Every structure is written in C-alpha cells, then in structure tokens.
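# Residue-level structure breakdown
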Amino acid sequence: MSRNESQWTQRPTLPMSHYADPAIYYDENIFAEEQEKIFSKVWQLAIHESEIPQPYDYRTYQHPAGREVVIVRGEDKRIRTFYNICPHRGNLLVYEPSGNAKKLVCIFHQWAFNGKGECVDIPRDKNGYQDRVCKNDVGLKEVRTEVGYGGFVWINVDDNCDSLSSHIGGALDYMLPELEAEPLQTLWYYQARLKTNFKLIHDTNSEFYHDYLHYHNRVTGMLDPKSGYFQRKYTAFPNGHASVGSMEVKYDAYKGGGHSELGWPELPPQGWKLVDLFPCITFNLRTSVLRIDSYIPLGPKDVLLEFRALGLKSDTAETRAQREKDAATIWSPFGRNLHEDLLASSGQGVAMTAHSDPMYVLQAREEDLTIHDEIGMRHYLQEWSKRMGRSSADPYAKSAQAKMA
Amino acid sequence: MNANREDIEELIYDSCMALDQSDYDAYMDLCSPDFSYKLSAYSPEVKQEMTWLDHNRDEIEHLFHTLPKHNSDRNPLTRNAVVYRVKVDENHKRADVVSSFQIFKTALNGGHSELFAVGKYFDTVSLEGGKPALVNRHVKLDTRDLGWGYHVPF
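On a predicted model such as this, the values are computed, not experimentally measured, just so you know.

## A short note on the overall build of chain B
When you go through chain B residue by residue, the secondary structure sums to three helices and six strands. Helices (α) and strands (β) of chain B occur, in sequence order from the N terminus, as α-α-β-β-α-β-β-β-β. For 154 residues, the compact-globule estimate of 2.2 N^0.38 gives 15 Å, and chain B sits close to it at 16 Å. The dimensions of chain B, computed from C-alpha atoms along their principal axes, are 45 × 35 × 30 Å. Here chain B holds 154 residues, and the buried ones make up 50% of them. For chain B, long-range pairs separated by at least 24 residues make up 59% of all intrachain contacts whose partners lie at least 6 apart in sequence.

In structure tokens form, the structure reads like this:
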C-alpha cells in the first residue's frame, strides 16, 4: 500500500536507535557542528609513511576540520605535521601534493622553515623588523601526529586530544597481525569528489546487507554456503568502531577477474577482514590487498574520497603487479564493486535533500550480529549522537518538544 | 599486409566507435588472439604508476559479458581520439601507435555532455593478417578523479 504525506513522514514504530532522521545527511548546520564536535576532535588517517620514505619528503593533506596541513619527514626521520600556511602573510607554504625539500620556503617573501617547523630564514629580517619580530616567534603551527597500526600517519588538530591508541582501543587488534607482519607500501591513491554525505558512503562499509548491490560479492560469497558468508559477525568497539569477521572468498566463481592465489602474511587463504573506524575510516584486507578508505567531508553533500591500495614493501615487481590486478577487479575506478558502492551512495545524495521530503532511514535489521545485521550503522550513529549531544533519529529534538507540548 | 597509415588510423577510430556503441563483439573483432589491455595512471600524490585494469583477451571478454549483471552508470561515453604518431616496424610486421583521446559523458536524462577523461592510447598493432589488429592497448590516463567510476574500459 502506498502512503500519504502524514504516513510518509511518520516516525517508524521502532526504537530510535533503529532509524535516522534524513536531515543528518544534508543539513548545513548539522555539518558545521560535525566539523566542530567530531572532526576537530578525532584522529584522522592522513597518509601512509611509505609515501614519504626519505628525509625531507613531504605530503599535503586537506584536513576535514578545514585545515590545510603538510606532513614532513624530518632530517631525524621523524614525521611531523604542520599547518600549511606561512605565518608571515598567510600564503600556502607548499603547493604540490608531494615533494622533497630541505626547507619549506614560502614563494611569496622567501621565509623558510625546517622539518621541525622552526623558522630558519627571514630575508632582511634585521633591516625591517629590527628586534621586534624574531625567527623564534614565528615557527609553524604543529599538529598532533602519530604513526602506527601498519605505518599509517594519523593526525589530530586538537592539541589536547587523547592518544591515538585510546581512540582506536581494541578495534584494530583483530587485524594487527596482518598489519604488522611486514612493512607496507602504498600502491594506489584514488581520490574522487562526490556530491553526497560522507556518512552514506561510510555506511556501505558498515553494513553488508547491500551485497545485493554487488553481483561479484553474491557469486563469490553470499550464494556459496561453504564460504562462511552468513557466519561473519560484527563486533562493536568503544568510540563507534566495529569489525567484521572473516570468510573464504570464492574468487573462482567470478569469471573474468583474473584473481590470483596470492595471499597476505598472517591472513588465512582467501580471507577477508574489515574494520570500520569512527568517523570515516575503513581498513579492508581482502585476500592479497589492503584497501584503506578515508573520507574528507567538505560540506553536507560534498565529500572528497581517498582510497588507497597497499601491498608489501618487500614485493617484487611481479608480485606488486599481481596485487594491483587483484585489487583492480573490484576496487579500482573501473572495478566491479567500488563503482556500484559509489553509485548507490551518490543516488542517496540525490534522493535525500532538504526539499525532497525524504522519509526516516532504517537501520533496523537484527540477525544475531551476523553479516546482514545493521548493528554497524546503529553502533556508528550511537557514537555520532553522543558526540553531537542529541539523537541521530531526532537531531532537532522534535520528539522532546512534542512530549513537552 | 603493406603498412598503410590510413588503415591503422581507421583501426584506432573503429575501436573507439565500437566501445561507444557498446558493440563488444565488434571491439574484440579488432583485436588479435593474444590481445592484452592495460589502463594506468600516474599519481603525483604518492609518486606511483597505478594499474587500474590489466587483462588478457579472455578476461576482457568475460568482463564485457558480465556487464549486464552489474549495476553500472549507463550514461554513454563518446571517445574522441586523434592519432598522433604511427611508427611501423616492417621487419616484425608491427606498428606502435600513439593517440590522444578525450572522453565525454552524455547524460541520459537531459542530454548534457561533459568532459569525463583525457589521456593517451599506446597501441601495438599487428600488420600480419589481411587487416591491422590490436595486439596490445595501454591506456594512460591523465585524468584521475573519475568520480564514481565506470565499468566499461576506455
């Protein structure tokens, strides 16, 4: 039976933890609050250390709290992060996404900074500033940085934040043997900008009921009773993180992929482990390739997606090529699954707007925490609600007002 | 066959038209039995050459055959290629061909066209049979942000 407007906009007769108000996916004010209450407070995965292997290497990064930063490996090999802004007149210090420079020199007036963020040169400083402005007073703004969990570089723009390990807790313990078996190497970096909400894309990693979207996942897992697909279980961790248990992916069932028997140290053959980290990071290790998703929200309906594929630093050229080929089948911009995930998330972005009269969004499946249970989304939005100070099912506190009236 | 630049150019343009028309049998007819296809892009961010498709003839035929089973962006593409260079090796009956391309996407809803990708084809063409055939195609993309991506090779 179709519904009239009153029925369409009615709250579901479910616990509030089992549905979300669609406004959390498009409201400008809610997004501004997310930047302040979430992205300015949490650890964000910025790059992998293999992207800056040598002293003086640097990488730029657009932090979702709005800061432009530059990540530098110093002469002492330590990795530090600074705001990518010259303290003199506010120009970008570094323009290119990567490079190597003994000093970061602003093109505007040639102020120069070393890998510790110290100002080491101000042209004609005494002539102009006498002793009123000194190099010691104009260092770069440093950002909290830690390297860990497989050599990833994590940053937090809150000087007073807790440690990275306290944020991650035990969520990555399940994958640590694989992450730390050998040094890793970034193979790919795919960046795409989409007109949708970052949480909608993270959802595609937080629930597997959407495997109905993927022909590849159906034939290599869901439809094979021996794969262990329906035995995969979610485990929820503090701070909004969750992991998904492994299975045996049956790549032979999909013709045309050319997937190899290549594996990954410590991972069972044809295994697949996945960990979602709040608010928008996913570690996805599938047979021979580690995929890392980290999203940079730019607006409520505007997100920069970063996808990395990683192999092992010790890989030969042939092994690397095979890992890339394995990853390409499903995860490249031409891959079978990534395209489908991004199509669906973008469709949600089109369909749910402030003026499209969208309904409440359901995450109500309960299947004993197994693969089609939507506990991953519920657990995520529980953390979101805690940090935002109100329920994701009622972000404007309408139900409380209704009760008071 | 005698090397004829016009025939080689026609092969490149026919390959674009076949894919534009989703005529995958016609595309495979332009390829030799040992055809291979690779698509890559260089990332200045991580300073790596990235391979995003790498298939032999069997694999790419399977890819075409499974397309209807997938959920895909159905907005059609138009490949606009220009052959820049044809270098014929008469001894080996081969030619190396470099072509530049732009690919436009036209929306099914409303018909708006926009530039989707630019890059180059690096092709090896066999001149042994009665007509030239693609032995190897390496697509090198300049464009790296392809949005939600696309299931059909360029």
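## Concerning the overall build of chain A
When helices and strands are tallied, chain A shows eleven helices and 19 strands. For 405 residues, the compact-globule estimate of 2.2 N^0.38 gives 22 Å, and chain A sits close to it at 23 Å. Projected onto the principal axes, the alpha-carbon positions of chain A cover approximately 80 × 65 × 35 Å. Contacts in chain A between residues at least 24 apart in sequence constitute 66% of all its contacts with a sequence separation of at least 6. As displayed, chain A has an accessible area near 16600 Å², and 51% of this comes from carbon and sulfur atoms. The averaged location of the 54 negative side-chain charges in chain A is 3 Å from the averaged location of its 46 positive side-chain charges.

## Considering the pairing of strand β5 (residues 113-126) of chain B
Residues and elements named next belong to chain B. Pairing analysis gives 13 bridges linking strand β4 (residues 94-106) to β5, with the strands arranged antiparallel. Across the sheet, the residue bridging to Ser99 is Tyr121, located in β5. The antiparallel pairing of β4 with β5 creates a hairpin that spans six residues between the two strands, and Gly110 there sits at a positive phi of about 100 degrees. Pairing of β5 with strand β6 (residues 133-141), which is carried by eight bridges, proceeds in the antiparallel orientation. Along β6, the bridge assignment pairs Tyr121 with Val139. As consecutive antiparallel partners, β5 and β6 are separated by six residues.

## Overview of the side chain of Ser100 of chain B
Structurally, Ser100 of chain B is set in strand β4. In this view, Ser100 of chain B contacts Asn80, Ala81, Val82, Tyr84, Gly119 and Lys120 of chain B; residues no more than four positions away in its chain are not counted.

## Things to note about the layout of surface pockets
As a volume, the largest pocket reaches approximately 590 Å³. Along its surface, the largest pocket is lined by 20 residues, and Arg193, Leu194 and Lys195 of chain A together with Glu114 and Trp148 of chain B are the ones closest to its centre. Those elements that provide at least two residues to the lining of the largest pocket are β12 (184-194) and α9 (336-351) of chain A together with β4 and β5 of chain B. Per-class residue counts for the lining of the largest pocket are seven nonpolar, six polar and seven charged.

## Considering the packing of aromatic side chains
All names here are of chain A. Using the criterion set out here, one finds 20 aromatic pairs over all chains in the structure. Where Phe278 meets Tyr380, the ring centres are 5.0 Å apart and the plane angle is 45 degrees; that geometry is what we call tilted. Note that Phe278 is positioned in the loop between β15 (272-277) and β16 (281-286) and Tyr380 in helix α10 (residues 375-388), a separation of 102 residues in sequence. What makes Phe278 buried here is its relative accessible area of 0%. Aromatic ring contacts, followed pair by pair, group Tyr149, Phe152, Trp154 and Phe283 into a single cluster. The positively charged end of Arg232 is found above the aromatic ring belonging to Phe208, 5.2 Å away from the centroid.

## Considerations on the sheet that holds strand β2 (residues 44-48) of chain A
All names here are of chain A. If you trace the seven strands from one edge of the open sheet to the other, you get β2-β11-β10-β5-β4-β3-β6, paired in antiparallel fashion. For this open sheet the edge positions go to β2 and β6 (98-100), each flanked by a neighbour on one side alone. For this sheet, the mean angle separating the axes of adjacent strands, direction not counted, is 30 degrees. Bridge analysis of strand β10 (residues 142-148) against strand β11 (residues 152-156) gives five bridges, and the strand direction is antiparallel. Within β11, the position partnered with Glu146 by the bridge is Trp154.

## Focus: the confidence of the model for chain B
For chain B, mean pLDDT is 96; residues scoring 70 or higher make up 98% of the total. Across the whole predicted complex the pTM is 0.95, and at the interface the ipTM reaches 0.96.

## Focus on the interface of chain B and chain A
In this complex, chain B contributes 35 residues to the contact, which on the side of chain A involves 38 residues. Counting across the chain B and chain A interface gives one salt bridge. For the salt bridge of Lys325 of chain A with Glu59 of chain B, the shortest nitrogen-to-oxygen distance reads 2.8 Å. Inspection of the chain B/chain A interface yields 22 residue pairs in polar contact (both at pLDDT 80 or more).

## So, the nonpolar core
By size, the foremost hydrophobic cluster in this structure holds 107 residues, and its most contacted members are Trp52, Leu141 and Phe154 of chain B. For this core, the leading source of residues is helix α1 (residues 5-20) of chain B, giving six residues. Membership of the second largest hydrophobic core comes to 25 residues, among which are Tyr149, Met175, Trp264 and Leu277 of chain A.

## Let's talk about the packing of helix α2 (residues 28-39) of chain A against α10 of chain A
Residues and elements named next belong to chain A. Relative orientation of the contacting elements α2 and α10 amounts to 85 degrees, with a least axis distance of 10 Å. As summarised for this structure, α2 and α10 are arranged roughly perpendicular, according to the angle between their axes. Judged by residue contacts, Ile30, Glu33, Glu34, Lys37 and Ile38 of α2 engage Trp384, Arg387 and Met388 from α10. Among the residues forming the contact of α2 with α10, the class breakdown is four nonpolar, no polar and four charged.

Conventions used here
- Residues numbered from 1 in each chain as written.
- Chains lettered and ligands numbered in written order.
- Predicted model: local features only at pLDDT ≥ 70, side-chain atom pairs only at ≥ 80, totals over all residues.
- Heavy atoms only, no water.
- Helix = DSSP H or I, 4+ residues; strand = E, 2+ residues; numbered from the N terminus.
- Rg over C-alpha atoms; globule rule 2.2 N^0.38 Å.
- Buried < 20%, exposed > 50% of the residue type's maximum accessible area, 1.4 Å probe, protein only.
- Contact = heavy atoms within 4.5 Å.
- Areas by Shrake-Rupley, 256 points an atom, 1.4 Å probe, with all protein chains shown as cover.
- Lys, Arg positive; Asp, Glu negative; His and termini not counted.
- Charge placed at Lys NZ, Arg CZ, Asp CG, Glu CD.
- Pairing = 2+ DSSP bridges.
- 1 Å grid on protein atoms, 1.4 Å probe; cavity = no way out; pocket = protein on both sides within 12 Å on 5 of 7 lines; lining within 4 Å.
- Points joined across faces, edges and corners; volume = space filled by probe spheres on them.
- Nonpolar A, V, L, I, M, F, W, Y, C, P; charged D, E, K, R; others polar.
- Phe/Tyr/Trp six-rings, centres within 6.5 Å; stacked < 30°, edge-to-face > 60°.
- Lys NZ or Arg CZ within 6 Å of the ring centre and 35° of its normal.
- Axes fitted to C-alpha atoms, helices over the stretch in contact; angles between N-to-C directions.
- pLDDT = per-residue confidence, 0-100.
- Salt bridge = Lys/Arg side-chain N within 4 Å of Asp/Glu carboxyl O.
- Polar contact = N/O pair within 3.5 Å; in protein donor to acceptor, adjacent residues only side chain to side chain.
- Core = buried A, V, L, I, M, F, W, Y, C linked by side-chain atoms within 4.5 Å.
- Parallel < 35°, antiparallel > 145°, perpendicular 65-115°, else oblique.

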